[in-house]
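Structure assessment
Spelled out, the chains give:
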Amino acid sequence: MRLGLAGLGVAGDVLVPFVERHPDYVVAAGADPAAAARQAFAGAGREVFTSVEEMCASGAVDVVYVATPTPMHAEHTVTALRTGHHVIVEKPMAVSVESAEAMVAAAEDAGRVLVVGHSQSFEAPVRAMRRIVASGELGPLRAINAWYYTDWMFRPRAADELDPTKGGGVPLRQGAHHVDIVRYLGGGLLRSVRGRVGAWDPRRPGEGAYTAYLEFDDGTPATVVYSGYDHFPSTELTFSLGEAGQPMEGYAVARRRLAAAAGTAEEVVKRGTAAAPSRQRELLSGGSAQPFFGLVVLSCERGDVRVAPDGLRVYGDERTEEVSLVGEPVGRTTMLTELADAVLRAAPVVHGGRWGLANLEVCVALVESSRTRSEVRLRRQTALR
């Protein structure tokens, strides 16, 4: 299938090698209003366009990967679906629940596949933990706890990434990952959320932290904790390995780099076209170990499970056991395969529009709960297929 990239920034660039290695795809085209981005992407038989609408009208692509800024996700996804394309849209799928519902409706009306990614439940360790839950080998699921402390707020950012009215801040940007992990491990059907959101540093305005208590329909609890303020790094709890399975060394690297790049537009630094290296690209570059979205501990009646460098570590009644996941496909490959299997082989979609909508509902409810200081009941949740 011919894949077109809507948005040629960091997310699109990171995906390209995975598309090129995948047997079901070719990189056919890209769309971006920035001439420099188009120039860097062009070549090797790829077509370039100044707008997503132009690319979708060209007949050059079968699948559109929407990696434009979050406020544009809904518009560009609906455009692609209505012009007959299958779509993968970056998380969070939209700024509002209402926009996400419109995207789901557009996919269903057009009879096209909509996948929401890249999110962490595509990754091998999360999928393997879900298999342990589903098998019952450690007894019933009893709790899920996930902590992640990062430098997110001090990485170079486009303005919309910090503006909560445009889907910015960690509750939507990183909550999309945390909620995806928790829902996937627990089967999908959350019933309520209660939490607090923090905006702790006036030098980086926006919502940079959250703490939330989630509860499934059967009463199973889960907690998610995130801070993006570049102090304590949770890599101290994850074998010094980061989100893409790469070694993470140094303290307050993002804070120092941002200060060193003062006077240069942050979006330029983010793309890696300034003198300072792109922290975002560095964090998304793949390593040889398993990926760690912070510390995630799965608790069942007869044991606990966490991610280890080569797979999973299972803590049973009498001993620990290592489960190797070496050689398992990484998340972006799994994401591409899920859409290809749905389109070419009529396989069911796990991370479809309704799954992404349910994740977004929880993130929005977390913000609402913080504002009202009360529990928020959920009504758009879907079971894991």
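Scope of this entry: the structure provided in the associated data block. Computed from a predicted structure; not experimentally measured. Sequence order sets the numbering: in each chain, residues are counted from 1 along the sequence as written. With the structure being a predicted model, the display of local features is reserved for residues of pLDDT at least 70 and the display and counting of side-chain atom pairs for 80 or more, all residues being used for whole-chain, interface and lining totals. Hydrogen atoms and water are omitted, and side-chain values are computed over all heavy atoms in the structure.

1. Some words on the packing of aromatic side chains
Centre-to-centre distance and the angle between the planes together describe a pair of aromatic rings. Each Phe, Tyr or Trp ring, with Trp reduced to its six-membered ring, pairs with another whose centre is within 6.5 Å; inter-plane angles below 30 degrees give stacked pairs, above 60 give edge-to-face pairs, and intermediate values give tilted ones. Here the structure, examined in full by the defined rule, presents nine aromatic pairs. Taking 6.5 Å as the distance between ring centres and 35 degrees as the angle between the ring planes, the aromatic pair formed by Y226 and F293 counts as tilted. One end of the pair, Y226, is in strand β10 (residues 221–227); the other, F293, is in the loop between α11 (279–284) and β11 (295–300), and 67 residues separate them in sequence. For the pair Y226 and F293, one class covers both residues: buried. Clustering of aromatic rings is evident, with ring pairs tying together Y148, Y210, Y226 and F293. Only when the NZ atom of a Lys or the CZ atom of an Arg is both within 6 Å of the ring centre and within 35 degrees of the ring normal do we say a charge sits over the ring. Stacked on the ring of F18, the Lys or Arg R21 has its end atom at 5.0 Å from the ring centre. Helix and strand assignments come from DSSP, with helices taken as H or I runs of at least 4 residues and strands as E runs of at least 2, each series counted from the N terminus. Exposure categories follow from relative accessible area, calculated using a 1.4 Å probe and restricted to protein chains: below 20% of the type maximum is buried, above 50% is exposed, and the middle band is partly exposed.

2. Remarks on the environment of G198
By secondary structure assignment, the location of G198 is in strand β8 (residues 190–198). Classification of G198 as buried rests on a relative accessible area of 7%. With 53 residues separating them in the primary sequence, G198 and N145 have C-alpha atoms 19 Å apart. Once you skip the residues sitting within four places of it in the chain, G198 turns out to touch G206, E207, G208, A209 and Y229. Contacts between residues were defined by any pair of non-hydrogen atoms, one from each residue, lying within 4.5 Å.

3. Some thoughts on the pairing of strand β7 (residues 141–149)
Sheet topology note: the β7/β11 ladder contains six bridges and is antiparallel. Within the sheet, the bridge partner assigned to A143 lies in β11 and is S299. Inspection of the sheet shows β7 paired to β10 by six bridges, in the parallel sense. Its bridge partner lying in β10, Y148 is registered against Y226. Whether two strands pair depends on DSSP finding at least two bridges between them.

4. A look at the side chain of R380
By secondary structure assignment, the location of R380 is in the segment after β15 (376–377). We classify R380 as buried; its relative accessible area is 17%. Only 2.8 Å separates the side chain of R380 from the side chain of E101, close enough to count as a polar contact. Discounting residues that sit within four places of it in the chain, R380 has contacts with V97, E101, L357, A358 and E361. Definition of a polar contact: a pair of N or O atoms within 3.5 Å, with one able to donate and the other able to accept a hydrogen when the atoms are protein atoms, and with sequence-neighbouring residues admitted only if both atoms are side-chain atoms.

5. What to know about the pattern of salt bridges
Put simply, a salt bridge is a Lys or Arg side-chain nitrogen that is within 4 Å of an Asp or Glu carboxyl oxygen. Applying the stated criterion across every chain yields a total of 17 salt bridges. For R155, the salt bridge identified is with D151, shortest N-O distance 2.5 Å. On the basis of relative accessible area, D151 is assigned to the buried category, the value being 6%. Among the ionic pairs, R173 bridges to D160, the shortest N-O distance being 3.1 Å. Of this pair, R173 sits in helix α7 (residues 170–173) while D160 sits in the loop between β7 and α7, placing them 13 residues apart in sequence. Taking relative accessible area as the criterion, R173 reaches 9% and is therefore assigned buried.

6. Focus: the side chain of K91
Summarising the element assignment, K91 is placed in the loop between β5 (86–89) and α5 (97–110). For the buried K91, no salt bridge is present, and the opposite-charge side chain at shortest range is E90, 5.3 Å distant. Polar side-chain contacts of K91 include one of 2.6 Å to the backbone oxygen of R173. If near-sequence neighbours (up to four positions away) are discounted, K91 is found in contact with H73, G117, H118, R173, Q174, A176 and H177. Neither His nor the chain ends is counted toward charge; the positive residues are Lys and Arg and the negative residues Asp and Glu.

7. Examining the sheet that holds strand β12 (residues 303–308)
Spatially, β14-β13-β12-β11-β7-β10-β9-β8-β15 is the arrangement adopted by the nine strands of the open sheet, whose pairing is mixed. Whereas interior strands pair on both sides, the edge strands pair on one side only; in this sheet they are β14 (320–324) and β15. Sheet analysis places β12 next to strand β13 (residues 311–315), joined by five bridges and oriented antiparallel. Bridging from a neighbouring strand, V305 pairs with V314 of β13. The axes are straight lines fitted to the C-alpha atoms, using for helices just the contacting stretch, and the angles between their N-to-C directions are given from 0 to 180°. Across the sheet, helix α8 (residues 175–186) touches β7, β8, β9 (209–216), β10 and β11, and the angle it forms with β7 is around 160 degrees.

8. Points about the packing of helix α1 (residues 10–21) against helix α12 (residues 331–345)
The interhelical angle for the contact between α1 and α12, taken along N-to-C directions, is 65 degrees, at an axis separation of 10 Å. Two packed elements cross with a definite hand, and for α1 against α12 that hand is right-handed. Here V14, L15, F18 and V19 of α1 lie close against α12, whose contacting residues are R332, T333, M335 and L336. Each crossing gets its hand from how the near helix is turned against the far one by less than a right angle, where anticlockwise is left-handed and clockwise is right-handed.

9. Quick notes on the environment of H86
Inspection of the secondary structure assignment puts H86 in strand β5. When the C-alpha atoms of H86 and A254 are compared, they prove to be 36 Å apart, with 168 residues separating the residues in sequence. Setting aside its immediate chain neighbours within four residues, H86 contacts D62, V63, V64, R112, V113, L339 and V343. One polar contact links the side chain of H86 to the main-chain amide nitrogen of V113, over a distance of 3.0 Å.

10. A short note on the nonpolar core
Put simply, a nonpolar core is a bunch of buried Ala, Val, Leu, Ile, Met, Phe, Trp, Tyr and Cys residues held in one set by side-chain atoms that sit within 4.5 Å of each other. One finds M93, L214 and L298 to be the most contacted residues of the largest nonpolar core, which totals 86 residues. No other element matches the seven residues that helix α13 (residues 353–372) contributes to this core. If near-sequence neighbours (up to four positions away) are discounted, M93 is found in contact with H73, A74, A100, M103, V104, L114, V116, G353, G356, L357 and L360.

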